[in-house]
Amino acid sequence: MTPRGPRGDQSQGFDQRFLLFMLLSVTILVYFNSLTARPPVEPAADGKPLPGEVAEGDPGADNAARNDAAPSNSTPNDASADAIAAADAEAAPEDAAADAEEPLAEPQNVGLGSIDPDGEYRMLVTLDNVGAGVERIELSSEDYRDLDDRSGYLGRLSTTDAPTAGARINLVGRGTPAEKAGLAVGDVITSARVTAGPRPGDLTEPAAIASPLDLEMWLAQTRPRQTVELQLIGADGAEKSITADLMRQPLDLVRPESENVRLHTPEAADSYRSIASLLVRLTRLGSLGPESPELIGANERLTNETWTIESADEQSVEFRKRLPELGVTVVKRYTLAKKATSDAAENDDSGEPAYHFDLAVEVINDSAEPKAVAYELTGPNGLPIEGFWYAYKVGRGFSSYGLRDVVVRYANDRFTQISCTEVAGGDVEPMGQGKPLAYAGVDAQYFAAIVIPQKPSLTDVQIAEVRAQLATAELDEKSRDTWENASFVMARQAETLEPGGASGERATLADSYRVFAGPKLPELLAQYQVNNDPEHAIDGVLYYGWFGWAARPMLALLHVFNSLFGNYGVAIILLTVVVRGAMFPLSKHQQQSMQKMQMLKPELDRIAERYKTDMQKRSQAQQELFRKHNYNPAAGCLPMFVQLPIFIGLYRALAVDVELRQAPLFSDTIRFCSNLAAPDMFFDCSAVTPRWWDNGQGMIALGPYLNLLPILSVVLFLIQSKMTMPAPTNDQMRLQQQLMKYMMGFMGLLLFKVASGLALYFIASSLWGVAERKLLPKPALPDSAGDALKPLPDKPVKTGGNKAPRGGRRKSGGKKKR
């Protein structure tokens, strides 16, 4: 044993031995690497980079480097592996190209369509070649704008860090302010400032943009209709300056779920992993099942690696992913629908069925043996959760429905709606098992994304089952179940593909799906029919609840008034006039009955005082008093029962009809009453309220805004009740009126987050009632109310027995005294 000295004086301590071991290891590694290194490649004669190389100064160098670092099945530094590959190539030269591993493509976004409302498309679809899925769907119509984000919109640029400071642009969508200003892929934004427009504030000073986060934070402070100046470094290295006119944020019907999480839980958004929509995963390949390591690895590549873009234009794109180790190729082709006309005069026709794109999925058998192939297609996810702190969506069942529910319908079967709370609980069994699927989708409050399999016949069974599940990770326990990202998976039935490798003819499993992504307009949904069958249109997602019979005629009337006056606020006031005018005979009778009740109240109090202990006689006296003055106590409740379906119908109309969404009372340039289907949002209190209060988590959590119209509604309710209630004549009546005031305050809490359109109806209806009370003449009683008490003696009159003679005294039984 080596003798030890004092601590730290050991002849060769552990640290020295570890350092020596590391130096020897590195020396040996460098020596063997020099023996197995490949010889340098001679440059091409024309000076162009060889395949797989990146030219110096190419903006895609960073992405190429990331792809080169991606894991691969090949081992280029292994000499034995190279020898085996060369031997295989000599033995089967015709199969060498098919078996070679393709280099990974660069990460890239592709945009289909346009955001221009006067263009040929209804939407701008952003796809990612990582997984070949849908990342974002933006609607182009000016009627559908983002309700939460009021900042200026330049475009979704998919920026990344530049080699130097700045934000490199990787996508410029057609019709965006960025495209109109001349921004291009590869440009690097280094500075930005506002030059004109409303409320520029401090943004007129140039702000340095050192990263994509800087650009995101700066744009979040801008406003629509502002003009911004951007300093750029072009792809050629030249500096330039451009100006762009910002617009209002379009509605993202599909977007990364982390952006939805940021609305209610900002601290969790950065770490939340979003998943693209419409991903493909193999579930069977020959004898391999979904649990086999080979398919698990292949599905990891299908969802997380880049696909090759075979072709792309403004309307369609084709992605291809080869899996040579399994002998198959997967192809996905997206084709966006065009509007029938690009005439600006007809662009407001939202009923035109152009809110869709077609998705073709192909699995090609490249091998020389037959294979049984099956796959699954994930549904859309990341639909909007606007109004998450106040919105309430009803469904066809009794469970609590969320902001995004799963809807499924099979041929000749009922419409099924599965709430996101059930999906989050994991208690939903797979559906289908041999039934012919008509469609499946995700239903939001005003929008829907629905996948319709394109089959030769409605009764063909192509999808084996549909599973409702969360597309992304479940939220924490502090979040509401109604915020969960519910979606579904469609499992394709297995089919056997004939061998295609040896003959050169490749057997293909080819399926087609139509994906609707748009507003829930009745005339629009009715045109999306499965196999042209009107009984199987997707309009089942439009549900008004039990009072739909009252909501539909009111909506029709609202639309007529809006077409005449161009304002849904005015339309609601006119609807109130029509409803109260039609009910005027009933309300007039109610007002007169209430006034009679006030006049008869003193006599009713006398009856109650006179017959304190005899309830039967009290009731008889009251009924006699009511008959004498032609008063019916139940008549005052009839108008309230008639108005109840109207109230619930209007409530459901505001919560379902997409045309009332984003309809302003005054102007959409201000927050107050900018959306009649939402609370009026008079004043933002979020700076002083906690997060759970702003999120509306709990009955007493009223949200981030002070709403003015519900307060006015309750004040008018109190005024109207004070005008109709008689003055208290005893302590019991005084207590009842005091309780009524407390009930009005409680009702104000319940109505605090109600839609401003419904609050406007309450205000207009209450003002009508106050006017009726003031203008209608008071009823006149025919005679004194006290006469009604005369027929009722104080005590019952006895018959028989000893009676006093009329006009004299009763005789006694004894002798008369003297």
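Above this text you will find the structure in question.
With that settled, the discussion passes to the sheet that holds strand S17 (residues 356–365). Reading across from one edge, S14-S15-S16-S17-S27-S23-S22-S19-S20 is the order of the nine strands in this open sheet, with antiparallel pairing throughout. Each edge of the sheet is formed by a strand with only one pairing partner; in this case those strands are strand S14 (308–312) and strand S20 (415–418). For this sheet the average axis-to-axis angle between neighbouring strands, irrespective of direction, equals 20 degrees. Relative to S20, strand S19 (residues 405–410) runs antiparallel, the two being bridged by four bridges. Directly across from Val406, in S20, lies its bridge partner Ile418.

With respect to the element layout, Tyr375 can be found in strand S18 (residues 371–378). Sequence separation between Tyr375 and Ile463 is 88 residues; the distance between their C-alpha atoms is 9.9 Å. In contact with Tyr375, not counting residues within four places along its chain, are Val280, Arg281, Leu282, Thr283, Val361, Val363, Met490, Ala491, Arg492, Leu509, Asp511 and Tyr513. Among the polar contacts made by the side chain of Tyr375, one reaches the side chain of Asp511 at a distance of 2.5 Å. Only 2.8 Å separates the side chain of Tyr375 from the side chain of Tyr513, close enough to count as a polar contact.

The subject of this paragraph is the environment of Gln221. Here Gln221 shows up in the loop between helix H6 (212–219) and strand S9 (227–233). A relative accessible area of 47% means that Gln221 is categorised as partly exposed. Considered as a pair, Gln221 and Asp202 are 19 residues apart in the sequence and their alpha carbons are 9.7 Å apart. Of the polar contacts made by the side chain of Gln221, one reaches the backbone oxygen of Met217; its length is 3.4 Å.

Enumeration according to the criterion identifies 36 salt bridges in this entry. Between Glu376 and Arg281 there is a salt bridge, with the nearest N and O atoms lying 3.1 Å from each other. Of this pair, Glu376 sits in strand S18 while Arg281 sits in strand S13 (residues 280–285); the two residues are 95 residues apart in sequence, bridging distant segments of the chain. The salt bridge partner of Glu305 is Arg301, with a shortest N-O separation of 3.1 Å. The same class applies to Glu305 as to Arg301, namely buried.

Right, let's talk about the nonpolar core for a bit. Counting residues in hydrophobic clusters, the biggest one holds 124 residues, and the most contacted among them are Tyr334, Phe357 and Val466. Among the nonpolar cores identified, the runner-up in size contains 21 residues, and Ala167, Ile169, Ile209 and Leu246 belong to it.

In the structure shown here, the tally under the stated rule is 14 aromatic pairs. For the pair Tyr334 and Phe357, a centre-to-centre distance of 6.0 Å together with 50 degrees between the ring planes defines the contact as tilted. Here Phe357 lies in strand S17 and Tyr334 lies in strand S16 (residues 328–336), a separation of 23 residues in the sequence. The same class applies to Tyr334 and to Phe357, which are both buried. Between Trp389 and Tyr390, the aromatic rings sit 4.8 Å apart at their centres with planes inclined by 75 degrees, giving edge-to-face as the arrangement. Overall, the relative accessible area of 5% leaves Trp389 in the buried class. Among the aromatic residues, ring-to-ring pairing joins Phe647, Phe717, Tyr761 and Phe762 into one connected group.

Cut-offs used in this document
Residues numbered from 1 in each chain as written. Predicted model: local features only at pLDDT ≥ 70, side-chain atom pairs only at ≥ 80, totals over all residues. Heavy atoms only, no water. Pairing = 2+ DSSP bridges. Helix = DSSP H or I, 4+ residues; strand = E, 2+ residues; numbered from the N terminus. Axes fitted to C-alpha atoms, helices over the stretch in contact; angles between N-to-C directions. Contact = heavy atoms within 4.5 Å. Polar contact = N/O pair within 3.5 Å; in protein donor to acceptor, adjacent residues only side chain to side chain. Buried < 20%, exposed > 50% of the residue type's maximum accessible area, 1.4 Å probe, protein only. Salt bridge = Lys/Arg side-chain N within 4 Å of Asp/Glu carboxyl O. Core = buried A, V, L, I, M, F, W, Y, C linked by side-chain atoms within 4.5 Å. Phe/Tyr/Trp six-rings, centres within 6.5 Å; stacked < 30°, edge-to-face > 60°.

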